Amino acid sequence: MCGIFGIDAREDAANFAYLGLYALQHRGQESAGIVSWDGERMHVERGMGEAADIFEEPVLKRLLGDAAIGHTRYSTAGSSVLANAQPIVVNTSMGPLGIVHNGNLVNAVEVRQRLERDGAIFQTSSDTEVILHLMAREPRQSVAEALMLALEQVRGAYSLLLISRDGVIAARDPWGFRPLLLGDAPGIDGGPSSPCFASEGCAFDLIGAATVRELAPGEVVIAHGGRLQSFHLPQVPEPTRCIFEHVYFARPDSIVFGDAVSEVRRRLGAQLAREAPADADLVCPVPDSGVFAALGYARESGLPFEFGLIRNHYVGRTFIEPKSSIRHFGVKVKLNPVREVIAGKRVVLLDDSIVRGTTSKKIVRMLKDAGAKEVHLRISSPPTAWPCRYGIDTPTREELIAANLPVEDIRRFVEADSLAYLSLDGLLKSVSGPRDSYCTACWTGEYRVPMAGEDARQRLLFPIRAEGGE
């Protein structure tokens, strides 16, 4: 759950990296960082919080050079402390190296323990650092070659950028779990264009860059002096892309895995309306991630679309919660009902997922307290019953409500009048590409890249029930 951006051969590269991170802020708000290269040395700035709070003008002025990479972080491996903020920058026999990473390495603990037994000293608890240690252990004349040798020793999800004397290097894991795009930023005053990389195309839109293409699974691209070279890691039999990027994580104005996210979410909502219609008066999204699915549901069902909940976009990273005298305070900080829209109405409430169920319960209660006659909860994905191992921060199975309760029990817990999830088949119909080219482990329990000591696929211990539109 991170966003990465990089640019080569561009004056004020750090400023462009900052703008890229600003566009990718939705992918992580815990920390942000940028490292630039001026041809002789690295310049790095990192901090806890959001990019706009860290990179004020004096900070950006210290980031000299015409190449830069940046990172905005939401941790899935390694605690949320400044030491784990990225980029991670080290000095090696190949010169200084900086790295940023979106994803999660499933064999990082195993590799780290082996390296520590051999004398390696780690500075962070992040899984990303093992890549740098592996590179330093097998230095090569070409930094890209050392990187590719290191990547052959790790498994899991990674879209990463590395900056070195050889330029900006982008790499995507052979399974293609996380998105990574190549872009082309226009030159200054008609000068040559600059290659750039980003997790999502919305970052290119902000800086006026054109999206060239998505990096192929297992592709490694070197950008140096405005020129590009492409290499490939050994291929795997089953490339697999994280479909949850479409359900929730990516921005709706991005194109991910060849599909416009907004259109996929509309199709999810329309399919859900066909699978699980509701006798209701209006369709209301949980903003922001439920908006486009709700538009699709409303269009297919013929029900009016209304913003019955308003999101406060100015919520800070932290706040002091008062005592329990203010009911459901945490949700109320972010959402507030529009009483005039929902009072006396039967509401279809659209959301992207249910995790623990506690937030859904508070939102349903909020609508009913505001006068909703009925609340019919519709979820634009199947029941989330398994944790993600590849870069989305989800709880353990013990904490996931769908792993422990059938749909009817979940409905009673969240106090909805009805509850239905989108079927897995309906989800896969809503995206392009072969059905088996997507990772669906958070719904099926089928992990294509095993943890250390596991079989290649972990099958369900019990089948997902088919109640309520599942």
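Quick note: structure is the one above.
This is a predicted model, so every value here is computed, not measured. (Residues numbered from 1 in each chain as written. Predicted model: local features only at pLDDT ≥ 70, side-chain atom pairs only at ≥ 80, totals over all residues. Heavy atoms only, no water.)

Draft legend 1. Representation of the packing of helix 5 (residues 129-137) against helix 6 (residues 143-151) within the structure. At a closest axis distance of 8 Å, the pairing of helix 5 and helix 6 adopts a crossing angle of 120°. Between helix 5 and helix 6, the crossing angle belongs to the class labelled oblique. Here the hand of the crossing between helix 5 and helix 6 comes out right-handed. Facing I131, L134 and M135 of helix 5, the residues of helix 6 in contact are V143, A146, L147, A150 and L151. Of the residues that constitute the contact of helix 5 with helix 6, the class distribution is eight nonpolar, no polar and no charged. (Axes fitted to C-alpha atoms, helices over the stretch in contact; angles between N-to-C directions. Helix = DSSP H or I, 4+ residues; strand = E, 2+ residues; numbered from the N terminus. Parallel < 35°, antiparallel > 145°, perpendicular 65-115°, else oblique. Left-handed = near helix turned anticlockwise from the far one by under 90°. Contact = heavy atoms within 4.5 Å. Nonpolar A, V, L, I, M, F, W, Y, C, P; charged D, E, K, R; others polar.)

Draft legend 2. Main features of the sheet that holds strand 4 (residues 67-73). Read from one edge of the open sheet, seven strands run 3-2-4-1-10-9-11, paired in antiparallel fashion. Looking at the sheet topology across the chains shown, the edges are occupied by strand 3 (42-48) and strand 11 (210-214). This sheet shows a mean twist of 15° between the axes of neighbouring strands, independent of strand direction. With seven bridges connecting them, strand 2 (residues 31-37) and strand 3 associate as antiparallel partners. Within the sheet, the bridge partner assigned to V35 lies in strand 3 and is V44. (Pairing = 2+ DSSP bridges.)

Draft legend 3. Quick peek at the pairing of strand 20 (residues 346-351). Burial of strand 20 is extensive: five of the six residues sit out of reach of the surface. With four bridges connecting them, strand 17 (residues 282-285) and strand 20 associate as parallel partners. If you follow V283 over to strand 20, its bridge partner there is V348. Relative to strand 21 (residues 374-379), strand 20 runs parallel, the two sharing six bridges. Bridging across to strand 21, L349 finds its partner in L377. After leaving strand 20, the chain enters helix 13 (residues 358-369) and then returns to the sheet as strand 21, a path that is right-handed. (Buried < 20%, exposed > 50% of the residue type's maximum accessible area, 1.4 Å probe, protein only. Right-handed = clockwise from strand over helix to strand, strands pointing away.)

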